[in-house]
Amino acid sequence: MTDRPPRPQTRPHIAPGLRDVARPVVIWTLHFILVYAALSAACAERAVASYPAAVIAVSIGTPVALVLAGWGLLRRGDQPMRIAARVTIIISLLAILFNTAPVLLLDGCR
Amino acid sequence: MIDATADRPRQGPVLEELRTYEEAWATPPGWRRLSSVSHRVVGQRFIVTGLVFFLIAGFLALLVRTQLIVPENTFLDAETYNQVFTMHGTLMMFLFAIPILEGFGVYLLPLMLGARDLVFPRLGAFGYWCYLFGGLIVLASFVFDAAPDGGWFMYTPLSTKEFTPGLSADFWLIGITFAEIASVTAAVELIAAILCTRAPGMSLTKMPIFAWYMLVTAFMITVGFPPLIVGSILLEVERLIGLPFFDPALGGDPLLWQHLFWLFGHPEVYIIFLPAAGMVATMLPTFVGKPLFGYGYAVAAVVTMGFISFGLWAHHMFATGLPTITLTLFSAASTIVTIPTGVQIFCFILTLAQKRPRLTVPMHFILGFLFIFVIGGLTGVMLAAVPFNWQAHDSYFVVAHLHYVLIGGMVFPLIGAFYYWTPHFTGRMMSERLGKWAFWLMFSGFHITFFLMHITGLRGMPRRISTYPAGIGWDRLNLLSTIGSYILAAGVVVFVWDFIAHRWRGPLAPRNPWKAGTLEWLYPPIAPGHNFHAIPRVHSREPLWDQPDLLENEAHETRGLLRDAPHGRRETVGCHPLSGEPLQIVRLPHPTWIPLLTAFAVAVSFSAVLASLYDIAAAGAVAALFGFAAWAWEPSETGQTITTNDEGTLPVDVASRLGHTHIAIIGTLMIMVALFASVLFAVMFLWNVQPEFTRLAGDPDLFWTSIAVACGLGMSLVAWLARSAPMAVLDLAVALLAGVAGWALYQAVLPTDPMATALAATLWVMAGFIGTQQFVLLYWSLFLALRKVSGQVAAGQIVPEINRVPYALVTAGMLIAAAVVLAAPQLEVLK
Ligand code: HEM
Ligand SMILES: [Cu+2]
């Protein structure tokens, strides 16, 4: 066991997988905030933005979010962190699509 | 092994030849036990106190059900009824569910991870006392005949001074906020413990799954509790001095409260569910005899749930008139969160499918959990659909749903956990026979009570009504629900009796009684106070299954790090957060009264606010500040080294950003940022929904705003410099700049009148919050200067300087955000 002295500096091999777990959910969060902010800007008293502007913001933000969150989906490997990353990415992609449901289904604030 | 002739469980073994070491870890006897800060003692305190709150709240539930047993009943009058259901919900959610689960985390995590104690034992003890005192404040409302009666979510405007005069809502707001301090401190502590004190070799993916659940839960607490803390402060300030946050006539909005409450409230139900699910994920493999199926899937599910559950809050507000498109967003998010939940449930089911489980009592409760929670999840999906939600809103259908998820998702796993881990607490087994009685009574009583409520609700019975007329189809259902609740309560009584009586009737627990694979069962119960004589290297997620030498030898002969501590100090091994490789030795505190005294000072301060005795409140706050200073005064030990047996020499308390205190500061800053973001949310929300009030209260002074930002940036720069050149002058400079920044910010908002509009009032709160941050930096820097001047610090002992940098940077960031907010309305006109 003595052959493994503490090496805090070496980058542990789970770091890339962990990053791929964290990134998609963070992207989901940002995308959710974007959609919520766009709808709140368009549909509240102040009417900071018009409804079409909100739709445009969501339409631009969504593909970007999908690409950023989906990055790494095809990376191979069967370590637990890699599996976790893959599942996290798939769930986040679905959830990002669901965030866009309101603009896809409706055509105004109502 | 425990001596078979001994008839009492013993804690140990106590190794006579290591006198100093054993003495260092001994729990003080008698009433001095209250000064203990060991996670084993503190965890048990949390658990027992939580159980007591559960029993009180359960008793209140029985009062509710008894009132509803027949139509037009007069057992409780309407006012008492309101108090009883409010206190039931409040105690269950705030003072039972979260603290008891954190208690299990506090008790179990170091044992599972291979640590001798939590990294910040005093913080844990402080949190416990805050929880206890906060809970007592809430309970005291009964004594003053001022029990809160506004429902567990205290909606405005009902809870404002106008409609709830008297002190009842203040008891709620102050007591709950106090208890929440306990929850957030425990969360920071758990984060640092999980990331920084694992056994050598325990990388993140070799961590027991319970640690993942608790890690995500703890992060959720740091982000999820602040909105309610901010909401409570706003409401309390409105009640005390009349700032109009929730008053639509002055540009406020009652819905602001609902947003802040549910920004907390929805994540809260996941915060309750996840640790309980983590317990299931720990117990289930033991009884199946196989590792958890799909560890990676479970990790992904927990992490995604942790995030997505923050995007659901407005599904509690479907009936408040939000735009349809916003409802659609929240409906969609509420639907998608079922995917990770489902992934996780399938991990459990597939684990079960691998082999026939041993049908012990905990296993019964696990099966009960799966059955009940899945039904609750399905009614949850129903409620996520807006039209159905409108139909079922505020009806007994919702009461049925919430109890399916809360009792199924949390209480059943919890009772299972009691049966599973009690031998670890007491050294004795609880009764298999009584346990099965408890299970079947609870399981059948639960369904009789709550399944029928779905029907009662669909037949139109609203929740929170103290009585109902006869003959409209609700009578028999209510009668049966009440009888069911008595059966459920009988099950709880059997469990509690068993929990008490097993201490003298239960058979002695053998070593690893359930044949589990996780490290907490390494020692025969009751494990010694230091948890591990030597901390073994770990090669798998189930070390007790895969490393046979661990159970073949006597536990205290295990090979590993730090076989004892001849210098008589408490210490454990600190690790790299990702790889789990040893990084440092973490020095741990010995028993001390300071956490109790400090928490008491805070309690005095909070109660004095309640009694409008502001001098005493201020005195309590000052005393608490002294408490914190006394706490942190101890000499730094950075620079020392310890020779461990197997892994070479390790430094003590390294000055590094991977160190445990720095990780804890990051956790604390998450809380601070979430608090600030909640205030910012309030500002933007009011600005957005009540535009005509934007500039009615006067404009902030932009000159002073820029001074504040400049000082904030300067303060960060000096703090950063002080890391490489730790000198008292630089500390004084940081303190000075922090002070000036705070004062300038005050000058900046001074021209606006907080009584005039809600927006101006929230701006004042924003400034006040940043002012508090500046004050912390000021106090901290003066403290560091004092330590340097008085010769407490040796060269290289720069842990506090390292930790201050992110704090200063984040505070400066807040100042910049605040400057934008203060300037925006004036710049808007320019365009
Ligand atoms: C021990 C068995 C329990 C019974 C018999 C029970 C019964 C009830 C009943 C009848 C109500 C509705 C009161 C009304 O709307 O008029 C209620 C509300 C509630 N219960 Fe329970 N409950 C139990 C356990 C729990 C647990 C374990 C939790 C949480 C961990 C919980 C949380 C709540 C909450 C949050 C409310 C809503 C209170 C409000 O409307 O403000 N209950 N309970
Ligand atoms: Cu919810």
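Engineer: An account of the overall build of chain B is requested, with residue identities and associated values reported.
Structural biologist: Secondary structure assignment for chain B yields 24 helices and 4 strands. Over its C-alpha atoms chain B spans a radius of gyration of 27 Å, differing by no more than 12% from the 28 Å that the globule rule assigns to 831 residues. Summarising its shape, the C-alpha atoms of chain B cover approximately 80 × 80 × 45 Å along the three principal directions. Looking at the 831 residues of chain B, the share that counts as buried comes to 64%.

Engineer: A description of the pairing of strand β1 (residues 570-575) of chain B should follow, citing residues and the corresponding values.
Structural biologist: Residue and element names in this part refer to chain B. Taking burial as the measure, the 6 residues of β1 include 6 buried ones, the bulk of the element. Looking at chain direction, β1 and strand β2 (residues 582-588) are connected through 6 bridges and run antiparallel. In the strand pairing of β2, Thr 572 is matched with Val 586. Between the end of β1 and the start of β2, which pair antiparallel, lie 6 residues, with Gly 580 showing a positive phi angle near 80°.

Engineer: Please provide a residue-by-residue account of the packing of aromatic side chains, values included.
Structural biologist: All names here are of chain B. Taken as a whole, this structure holds 78 aromatic pairs over all chains when the rule is applied. Ring plane angle 85° and centroid distance 6.0 Å describe the contact between Trp 440 and Phe 443, whose orientation is recorded as edge-to-face. Highlighted residues: Trp 440 and Phe 443, both in helix α14 (residues 432-458), separated by 3 residues, approximately one helical turn. With a relative accessible area of 16%, Phe 443 lands in the buried category.

Engineer: Quick rundown of a nonpolar patch on the surface? Include the residues and the values.
Structural biologist: On the surface, Ile90(A), Leu94(A), Leu97(A), Phe98(A) and Ile339(B) cluster together into a nonpolar patch covering about 380 Å² of accessible area. Broken down by element, the nonpolar patch gets its largest block of residues, 4 residues, from helix α3 (residues 80-99) of chain A. The topology assignment puts Ile90(A) in helix α3.

Engineer: Account for the site of ligand 1, with residues named and values stated.
Structural biologist: Residues and elements named next belong to chain B. Around ligand 1 there are 23 residues in total, and Tyr 81, His 88, Trp 152, His 403 and Arg 464 lie nearest to it. Measuring from an oxygen atom of ligand 1, one finds a side-chain N or O atom of Arg 463 at 3.0 Å. Between ligand 1 and Arg 464 there is a distance of 2.7 Å, counted from an oxygen atom to a backbone nitrogen or oxygen. Elements supplying a minimum of two residues to the shell around ligand 1: α2 (39-67), α3 (78-113), α13 (396-426) and α15 (475-505). When residues of the shell around ligand 1 are assigned to their parent elements, the largest contribution, 7 residues, is made by α13. Partitioning the shell around ligand 1 into residue classes produces 15 nonpolar, 5 polar and 3 charged.

Engineer: Explain the environment of Ser35(B) to me, using residue names and the numbers behind them.
Structural biologist: All names here are of chain B. Position of Ser 35 relative to the elements: it lies in the loop between α1 (19-25) and α2. Given a relative accessible area of 4%, Ser 35 falls into the buried group. Note: C-alpha distance between Ser 35 and His 590 (555 residues apart in sequence) is 9.1 Å. Beyond its immediate stretch of four places on either side in the chain, Ser 35 contacts Pro 28, Pro 591, Thr 592 and Trp 593.

Engineer: Go over the coordination of the iron atom of ligand 1, please, and point to the residues and values.
Structural biologist: Reference geometry at the metal: tetrahedral coordination by four donors gives ideal angles of 109.5 degrees; octahedral coordination by six donors gives 90 or 180 degrees. Residue and element names in this part refer to chain B. The iron atom of ligand 1 binds to the protein through His 88 (NE2) and His 403 (NE2), with metal-donor distances spanning 1.9 to 2.0 Å. Coordination at the iron atom of ligand 1 comes from 6 donor atoms whose angles at the metal span 88 to 180°, giving a geometry best classed as octahedral. Here the residue His 88 occupies a position in helix α3, and His 403 occupies one in helix α13, the gap between them amounting to 315 residues. Its relative accessible area of 15% is what places His 88 among the buried residues. Owing to a relative accessible area of 15%, His 403 belongs among the buried residues under this scheme.

The rules behind each value
Residues numbered from 1 in each chain as written. Chains lettered and ligands numbered in written order. Predicted model: local features only at pLDDT ≥ 70, side-chain atom pairs only at ≥ 80, totals over all residues. Heavy atoms only, no water. Helix = DSSP H or I, 4+ residues; strand = E, 2+ residues; numbered from the N terminus. Rg over C-alpha atoms; globule rule 2.2 N^0.38 Å. Buried < 20%, exposed > 50% of the residue type's maximum accessible area, 1.4 Å probe, protein only. Pairing = 2+ DSSP bridges. Phe/Tyr/Trp six-rings, centres within 6.5 Å; stacked < 30°, edge-to-face > 60°. Patch = residues over 30% accessible without salt bridge, like charges linked within 9 Å, V, L, I, M, F, W, Y side chains within 5 Å. Areas by Shrake-Rupley, 256 points an atom, 1.4 Å probe, with all protein chains shown as cover. Salt bridge = Lys/Arg side-chain N within 4 Å of Asp/Glu carboxyl O. Near = heavy atom within 4 Å. Polar contact = N/O pair within 3.5 Å; in protein donor to acceptor, adjacent residues only side chain to side chain. Nonpolar A, V, L, I, M, F, W, Y, C, P; charged D, E, K, R; others polar. Contact = heavy atoms within 4.5 Å. Donors = N, O, S within 2.8 Å, 3.2 Å for Na, K, Ca; no water. Tetrahedral: all angles 85-135°; square planar, octahedral: opposite > 155°, others 65-115°.

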